Amino acid sequence: MTIAAENLTANHPRRKWTDYFTFCVDHKVIGIQYLVSSFVFFFVGGAFAEVMRTELATPDPDVVPPELYNQLMTLHGTIMIFLWIVPAGAAFANYLIPLMVGTEDMAFPRLNAVAFWLTPPGGILLISSFFVGAPQAGWTSYPPLSLLSGKWGEELWILSLLLVGTSSILGAINFVTTILKMRIKDMDLHSMPLFCWAMLATSSLILLSTPVLAAALILLSFDLIAGTSFFNPAGGGDPVVYQHLFWFYSHPAVYIMILPFFGVISEVIPVHARKPIFGYRAIAYSSLAISFLGLIVWAHHMFTSGTPGWLRMFFMATTMLIAVPTGIKIFSWCGTLWGGKIQLNSAMLFAFGFLSSFMIGGLTGVMVASVPFDIHVHDTYFVVGHFHYVLFGGSAFALFSGVYHWFPKMTGRMVNEPLGRLHFILTFIGMNLTFMPMHELGLMGMNRRIALYDIEFQPLNILSTIGAYTLAVSTFPFVINVFWSLFKGEKAARNPWRALTLEWQTASPPIIENFEEEPVLWCGPYDFGIDTELVDEEETVQTLIADAAGS
Amino acid sequence: MLSITIPMQTSALSSDLNSTYTSGETHSHHGHPDLRMFGVVLFLVAESAIFLGLFTAYLIYRSVMPAWPPEGTPELELLLPGINSVILISSSFVMHKGQAAIRNNDNAGLQKWFGLTAIMGIIFLAGQMYEYFHLEMGLTTNLFASCFYVLTGFHGLHVTFGLMLILSVLWRSRRVGHYSSNSHFGVEAAELYWHFVDVIWIILFILVYLL
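Read on for a plain summary of the structure. (Residues numbered from 1 in each chain as written. Chains lettered and ligands numbered in written order. Predicted model: local features only at pLDDT ≥ 70, side-chain atom pairs only at ≥ 80, totals over all residues. Heavy atoms only, no water.)

Residues and elements named next belong to chain A. Scanning the entire structure with this criterion turns up seven salt bridges over all chains. A salt bridge links D379 to R449; the shortest N-O distance between them is 3.2 Å. Remark: R449 occurs in the loop between α15 (417-444) and α16 (458-488) and D379 occurs in the loop between α13 (371-377) and α14 (381-411); sequence separation between them is 70 residues. Among the charged side chains, a salt-bridge network with shared partners connects R15, D19, D26 and K28. (Salt bridge = Lys/Arg side-chain N within 4 Å of Asp/Glu carboxyl O. Helix = DSSP H or I, 4+ residues; strand = E, 2+ residues; numbered from the N terminus.)

All names here are of chain A. Here E440 shows up in helix α15. For E440, a relative accessible area of 40% corresponds to the partly exposed category. Note: C-alpha distance between E440 and M73 (367 residues apart in sequence) is 21 Å. (Buried < 20%, exposed > 50% of the residue type's maximum accessible area, 1.4 Å probe, protein only.)

We now examine a nonpolar patch on the surface. Residue and element names in this part refer to chain B. Taken together, the side chains of L78, I89, F93, I202, I206, L210 and L211 make up a nonpolar region of the molecular surface, amounting to roughly 640 Å² of accessible area. Elements supplying a minimum of two residues to the nonpolar patch: α3 (79-103) and α6 (185-210). In terms of residues, the nonpolar patch owes the most to one element, α6, which gives three residues. Tracing the backbone through its elements, the reader meets L78 in the loop between α2 (35-64) and α3. The class of L78 is partly exposed, set by a relative accessible area of 40%. (Patch = residues over 30% accessible without salt bridge, like charges linked within 9 Å, V, L, I, M, F, W, Y side chains within 5 Å. Areas by Shrake-Rupley, 256 points an atom, 1.4 Å probe, with all protein chains shown as cover.)

Now for the packing of aromatic side chains. Under the counting rule described, the total for this entry stands at 64 aromatic pairs over all chains. Pairing F354(A) with F358(A) gives two aromatic rings, centres 5.5 Å apart and planes at 5°, and the pair type is stacked. Here F354(A) and its partner F358(A) are both found in helix α12 (residues 346-369), four residues apart, which amounts to about one turn of the helix. F358(A) matches F354(A) in its accessibility class, with the two residues each being buried. Centre to centre, the rings of Y453(A) and F457(A) are 6.5 Å apart; their planes meet at 50°, and the pair counts as tilted. Each member of the pair, Y453(A) as well as F457(A), carries the same accessibility label: buried. Cation over ring: K181(A) sits above F38(B), and NZ or CZ is 4.8 Å from the ring centre. (Phe/Tyr/Trp six-rings, centres within 6.5 Å; stacked < 30°, edge-to-face > 60°. Lys NZ or Arg CZ within 6 Å of the ring centre and 35° of its normal.)

Many structure descriptions define interface size as the accessible area lost when the parts assemble. Every contact between the two is made by 50 residues of chain A and, on the other side, 42 residues of chain B. Of the roughly 3800 Å² buried at the junction of chain A and chain B (both faces included), carbon and sulfur atoms supply 78%. For the pair chain A and chain B, the interface holds one residue pair in polar contact (both at pLDDT 80 or more). Of all the secondary-structure elements, those providing two or more residues to the side of chain A that touches chain B are α4 (109-128), α6 (151-181), α7 (194-226) and α8 (239-273) of chain A. In the side of chain A that touches chain B, the residues fall into 31 nonpolar, 11 polar and eight charged. (Contact = heavy atoms within 4.5 Å. Buried area = accessible area lost by both parts, 1.4 Å probe. Polar contact = N/O pair within 3.5 Å; in protein donor to acceptor, adjacent residues only side chain to side chain. Nonpolar A, V, L, I, M, F, W, Y, C, P; charged D, E, K, R; others polar.)

Residues and elements named next belong to chain A. Mapped onto the elements, I184 comes out in the loop between α6 and α7. A relative accessible area of 3% means that I184 is categorised as buried. Beyond its immediate chain neighbours, meaning those up to four positions away, I184 contacts V101, G102, L502, E518, P519 and L521.

Once that is clear, we can look at the packing of helix α4 (residues 107-134) of chain B against α6(B). Residue and element names in this part refer to chain B. Contact geometry for α4 and α6: axes closest at 13 Å, N-to-C directions at 30°. Considering the angle they form, α4 stands roughly parallel to α6. The element α4 and its partner α6 pack so that their crossing is left-handed. Across the interface between the two elements, L110, F114, T117, G121, F124, Q128 and E131 of α4 pack against V187, A190, W194, W201 and Y209 of α6. Partitioning the contact of α4 with α6 into residue classes produces eight nonpolar, three polar and one charged. (Axes fitted to C-alpha atoms, helices over the stretch in contact; angles between N-to-C directions. Parallel < 35°, antiparallel > 145°, perpendicular 65-115°, else oblique. Left-handed = near helix turned anticlockwise from the far one by under 90°.)

We now examine unusual backbone geometry. All names here are of chain A. Here P143 and P144 are connected by a cis peptide whose omega angle stands at 5°. By the secondary structure assignment, P144 is in the loop between α4 and α5 (145-148). Backbone torsion omega between S508 and P509 reads -10°, so that peptide bond is classified as cis. The residue P509 is located in the loop between α16 and α17 (538-550) in this model. With a phi angle near 60°, D379 is a residue other than glycine that sits in the positive phi range.

Right, here's the structure in full:
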C-alpha cells in the first residue's frame, strides 16, 4: 500500500514551496495559506496577550502606559477573532471540502484565492494602525468612545474588518456552492461528512450576518470621517443602533468561530474511537438549529444598554434555547466515545480537552444568558473567562485537534506524538490556569478592559498571569513539532488513521488534481465496523466496490 | 471605502464566474450547469443583508426620534425621483427583452435592449445627481439628511456597478461575440444584478420618500 502511494505521488507533479506565496488557485494551497497566515496572527495576538497579562500581574499600570494597554487589548481581540479563528475555520474548509465531497477544486477557484489574499492586507492594515495611533475602543469599538480617540487608527480598524469580512463572504459563497452542487454522484446530503454540514451552517451564517457588520462599519466610518452623527448622541444619533447592528453580526460570529470546529470534532472523534458517529442527523441538524438561533439572540449582549424588559425576556429565552442543540452535539460525541476503542493520540487528547473546556464555557454561557446574573457580571472578568473557555478551550482546542488529525494528509508526514502530548498537557494546564481564576475575579467585581485594579484582586491575577506564561511556553513544542515532523517525520500512508471520509482515499499529500480517478463512495463516512480494518488495502476496497455494485 | 469593498466583491465574483465560464468544463463534469448562477444568488443574498442592515438602522431612527424627519429638513420633491423610479423599474423590463433576444441567438437584439437599459441607467444616475445638487441640505445637516445621502448614495453606487456590468456585456457581445442561445451566463448574471438593484430601490423609495 505504501509503495502504491509512493508510486502515485511520483507520477504526479507536486506543489513547489514557492507556490504557497503566489496567487495559486488550488484549494489545498489556499487552505495551507490560510492556516499558516492565521497561525502567524495567532502568535502576534498571543504576544499582545502576554504583555497584557504581564501588566495585570500588578495592580498599577507600570509595565506599559494605559494607552498602549488599551491598544494591545483592542488588537488582541480583533486579531484573535478576525485573523486567527475565523480564517483557521476557512483553512480547514478550503483544504477539506473539495476532498470530502470528491471533487477536484472549489466551485470558484479564483474567487477563493481572492478571498485568501484579502486577509494578509487586512492584518497588515490593522497592525500598521500602531503608526497612526492604534484604536483603543476594544474589539467592539462602541461609539461614542470609538469616535473620541485617534480617528485614523479607528479607520484602519474599520478598513481591516471590511477586508476580512469581504474575504469570509467570498469564502462562504464558495463553500455553499461546492457543498451543495459539487458532491460526487452517490453522495447525498445525508452521506456527507459532518464537517461539510458544519460548514454549510457556518457559511449561511456568514452570508446573512457579516454584511450587517459592514453596514455598521460603513455608518461608523461616515461618523469618523465625514462628520455625520449616526451613532453620536451629540449630533442626535443613537449609539445603541450601532450595538444592534454590531451584535447582529458579532453574536453569530461566535458560532462562525465554533461551528467549523464542531465539524472538526465530529470527524476526529469517530475515527479515533473506531465507532460510527452516534446521532449523525442530530449533529447535522443541530448545526443548522444553532445557526438559526444564533441569528435571533444578539441583544443578549445589550441587557444593560437600556433594553426593555419584555425584549430582554425574549433574548434570554432564545439564548438559553441554544444550549439544546449544543447539548445534543455534546451527548452525541459522548455517545460516540462510549465503548469505543479510543486511541489517545494528540488529536484525540485535544478533542477531549475541547469537550471538557467547551462544556464549562457552555455552562457559564447559560449563566450569563440569564438577565439578573448578566446584569451583575456584565463587563467583568466573568465574561472574559466565559468566552475564553468557549473560544480558546473550544475553538482553539478543536483547531489543534484538527491540525494533528489532518497533518499527515496535508504534509505526507506523521506528527511526533510525544511532542504533541506535551503540547496538549501544557496548553490544557495553561488554559485552565489562565481563565478559571477570571470567573472568580469577575464575581468579585473586577472590571474587564482595564490596566489597573484594586490590590485585593492581585493573587488571582498572578495565578492567571502564570497560566498565560504556561500557554506561551506550550506553543514551543507545537512549533518545534510542526517543523520537525515536516522535514523528519515518518512518511504517512494514504490513510494512517483508517478513516472513511473521501479525503483519505488519495495520496498524502493529495496530488494536484486531488484524485487519480473519481473516488468511490462504498460506505458512509462513519460506517466503522464494516470490516474497516482493511480499508487501506487496495484489493479490499476493490472487492467491496464490486460487492456494492453487485448487490 | 465603500468603493473599495463592494466593487471588489462583485468584480472578483464576476471575473471568476467568467473564467470558469470560458476556461472550463472542468467544474461542470458533475452535471451542474447552474453552478455559477447559484454563486450569483448567494452573492446577492449577502448584498441584501447589507441593505437590510442600513434599512434597519433607518427604521430604528425613524421610530426612536421624536420628530421624523427632524425639524428644519427641507421637503423632498417627489416628481423627479418618481420619474426616476419609473425609468429604473421599466429598464428592468427593457433588459429582460435583451435576455430573451440572446436566448433566440439574436445578438443585435441583445445589444439594442441592453444599450437602452444602459441609457436608462445613466438617466437615473443623472437625475439623482441633479436632485443632490438642488436639495437644500448636506450630508451633515441632520440625521435624516445623513441617512438620505448614505442610503441613496449607496444604492447609486450599486446602480453604477450594475451599469458597468451591462456595459461589459455590451462590450463582450460586440467585440468578442461572446454570447449565444446556449451560453449567456454573463447576460443573465447582469440581469439578475440589475433586478436586485431595482427591488432595493423600490424598498428604499417607499422607506425614504413615501413613509
